Amino acid sequence: MNNVIRPEKERTVERLLVRQYQGRKELGAGAASDVAARMRALQQRQEYVRMIFAAAPSQNEFLQALVAEPGIRWDKVIAFHLDEYVGLPEGAPQMFRHYLQEHIFSQVPVPFAQINLINGHARASDAHVGAGDVGDAHNANDAQAECRRYASLLVGEPADIACLGIGENGHLAFNDPPVADFLDPEVVKVVELEDKCRQQQVHDGCFPTLDQVPTHAFTMTIPALMAADYLFCMVPGATKTAAVKDTLNAPVSVACPATILRRHMRAVLYIDRESGAGTEW
């Protein structure tokens, strides 16, 4: 078995367990150990484990450590991803499906039929038709059809485990403050991305300039994420210090969507010294 990486600090904020590690590598290893242990436990009592994966640089160390964990039946994993850009060209490296393929699906034996990905090309020819907008009805219908298709894979059988991150603006998936809804009736929807969220993609090195970042994306909604039995949220780095502070200290509201993590019965937040610099212990 891998050596256990223990957190430097640990506390609970309402229901949310918070674990702080020295740096990104230790955070990733600690989170991977916990996620792998939960996967193994679930696989002892059920045939499949349904998992949601985030696609972002914040997940790099975690996924690298997770694929190296022993004793996981990856052939018994049904995989989903949180969100996907609208309108990027086929083969664009920034697409989240490509990130997950590179960082996890190409490295573990998850059967192709058990990998469920959002089709970001459902309305690629018109990325600006939003809910209630007047525009290309065919493309808008395609987007809504894709939302319904993906939602149908989760309704009635929520995920066992969701592996998440938090955005610089406190978002979960692409539920930015202007569009986040803790009581959202939808499971998957198309949203317009807040400028701060789009700027984060530049900070992360995913796009060279803001004008190249898509303005819209498909996302799982907050209730869809909260329906997962276990939430593991990995948030390293100095760019996330303010978001972590708000997640733990601000009122639970859509002004900082990640505050809702404090209401989940089985959620763990993994931070490092940098992202936890504004946190009181």
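Residues numbered from 1 in each chain as written. Predicted model: local features only at pLDDT ≥ 70, side-chain atom pairs only at ≥ 80, totals over all residues. Heavy atoms only, no water.

Engineer: Tell me what's going on with the sheet that holds strand β4 (residues 77-81), and back it up with residues and numbers.
Structural biologist: A sheet is described by the order of its strands in space; here eight strands give the open sequence β1-β2-β11-β10-β7-β3-β4-β6, paired in mixed fashion. Two strands lie at the open edges of the sheet, namely β1 (9-13) and β6 (115-116), each paired on one side alone. (Pairing = 2+ DSSP bridges. Helix = DSSP H or I, 4+ residues; strand = E, 2+ residues; numbered from the N terminus.)

Engineer: Lay out the environment of Q200 with the relevant residues and their values.
Structural biologist: Tracing the chain through its elements places Q200 in helix α5 (residues 195-203). Linking Q200 and A258, residues 58 residues apart in sequence, is a C-alpha distance of 16 Å. Excluding residues that lie within four positions of it along the chain, Q200 makes contacts with G167, E168, H171 and K240. Engagement of the side chain of Q200 in a polar contact is seen with the backbone nitrogen of E168, the distance being 2.7 Å. (Contact = heavy atoms within 4.5 Å. Polar contact = N/O pair within 3.5 Å; in protein donor to acceptor, adjacent residues only side chain to side chain.)

Engineer: Can you explain α5? Please cite residues and give values.
Structural biologist: Taken together, the buried positions of α5 are occupied by C197, R198, Q200, Q201 and V202. On its buried face, α5 is in contact with β5 (83-85). Looking one or two places after α5, you find G205, whose phi comes out positive at around 80 degrees. (Buried < 20%, exposed > 50% of the residue type's maximum accessible area, 1.4 Å probe, protein only.)

Engineer: Just give me the short version of the packing of aromatic side chains, but keep the residues and values in it.
Structural biologist: Counted under the stated rule, the structure contains seven aromatic pairs. For the ring pair F53 and F105, a centre distance of 6.3 Å and an interplane angle of 85 degrees mean the geometry is edge-to-face. With F53 in strand β3 (residues 49-53) and F105 in helix α3 (residues 96-105), this residue pair connects regions lying 52 residues apart in the sequence. Each member of the pair F53 and F105 is classed as buried. Here the aromatic cluster, defined as three or more aromatic residues joined through ring pairs, consists of Y85, F96, F174 and F207. For the cation-ring pair, R11 lies above W281, with the distance from its terminal atom to the ring centre recorded as 5.5 Å. Over the aromatic face of Y230 sits the side chain of R266, whose NZ or CZ is 5.2 Å from the ring centroid. (Phe/Tyr/Trp six-rings, centres within 6.5 Å; stacked < 30°, edge-to-face > 60°. Lys NZ or Arg CZ within 6 Å of the ring centre and 35° of its normal.)

Engineer: Lay out unusual backbone geometry with the relevant residues and their values.
Structural biologist: Positioned with a positive phi, E14 is a non-glycine residue whose angle comes to about 55 degrees. Relative to the helices and strands, E14 resides in the loop between β1 and β2 (16-21). In this structure E14 comes out as partly exposed when scored by relative accessible area, which is 45%. Residues other than glycine seldom take positive phi values, yet A173 does so here, at roughly 50 degrees. Take A173: it is sitting in the loop between β7 (161-164) and β8 (188-192). On the basis of relative accessibility, which here comes to 7%, the residue A173 falls in the buried class.

Engineer: Outline the sheet that holds β8, listing residues and values.
Structural biologist: The antiparallel open sheet is built from three strands, whose spatial order is β5-β9-β8. For this open sheet the edge positions go to β5 and β8, each flanked by a neighbour on one side alone. When the angles between neighbouring strand axes are averaged without regard to direction, this sheet yields 20 degrees. Where β5 and strand β9 (residues 216-220) come together, three bridges link them in antiparallel fashion. Within β9, the position partnered with E84 by the bridge is F218. (Axes fitted to C-alpha atoms, helices over the stretch in contact; angles between N-to-C directions.)

Engineer: Any chance you could break down the nonpolar core for me, citing the residues and the numbers?
Structural biologist: By size, the foremost hydrophobic cluster in this structure holds 49 residues, and its most contacted members are F53, L66, W74 and I104. The element contributing the most residues to this core is helix α1 (residues 24-43), with seven residues. Excluding anything up to four places from it in sequence, F53 contacts L63, L66, W74, A79, F80, H81, L82, L100, I104, F105 and C163. In this structure, V13, L172, M220 and A224 belong to the second largest nonpolar core, which totals 42 residues. (Core = buried A, V, L, I, M, F, W, Y, C linked by side-chain atoms within 4.5 Å.)

Engineer: Outline α1, listing residues and values.
Structural biologist: Over its 20 residues, α1 extends 28 Å from the first C-alpha to the last, a length consistent with the 28 Å expected when each residue adds 1.5 Å. Turning to α1, its buried residues are L27, G28, G30, A31, A32, S33, V35, A36, M39, R40, L42 and Q43. (Expected span 1.5 Å × (residues − 1).)

Engineer: Run through the confidence of the model for the protein, naming residues and quoting values.
Structural biologist: Averaged over every residue, the pLDDT of the protein is 91; residues scoring 70 or more account for 92%. Residue range residues 124-138 is modelled with pLDDT below 50. Its contacts to residues more than four positions away, or to other chains, number 16 contacts. (pLDDT = per-residue confidence, 0-100.)

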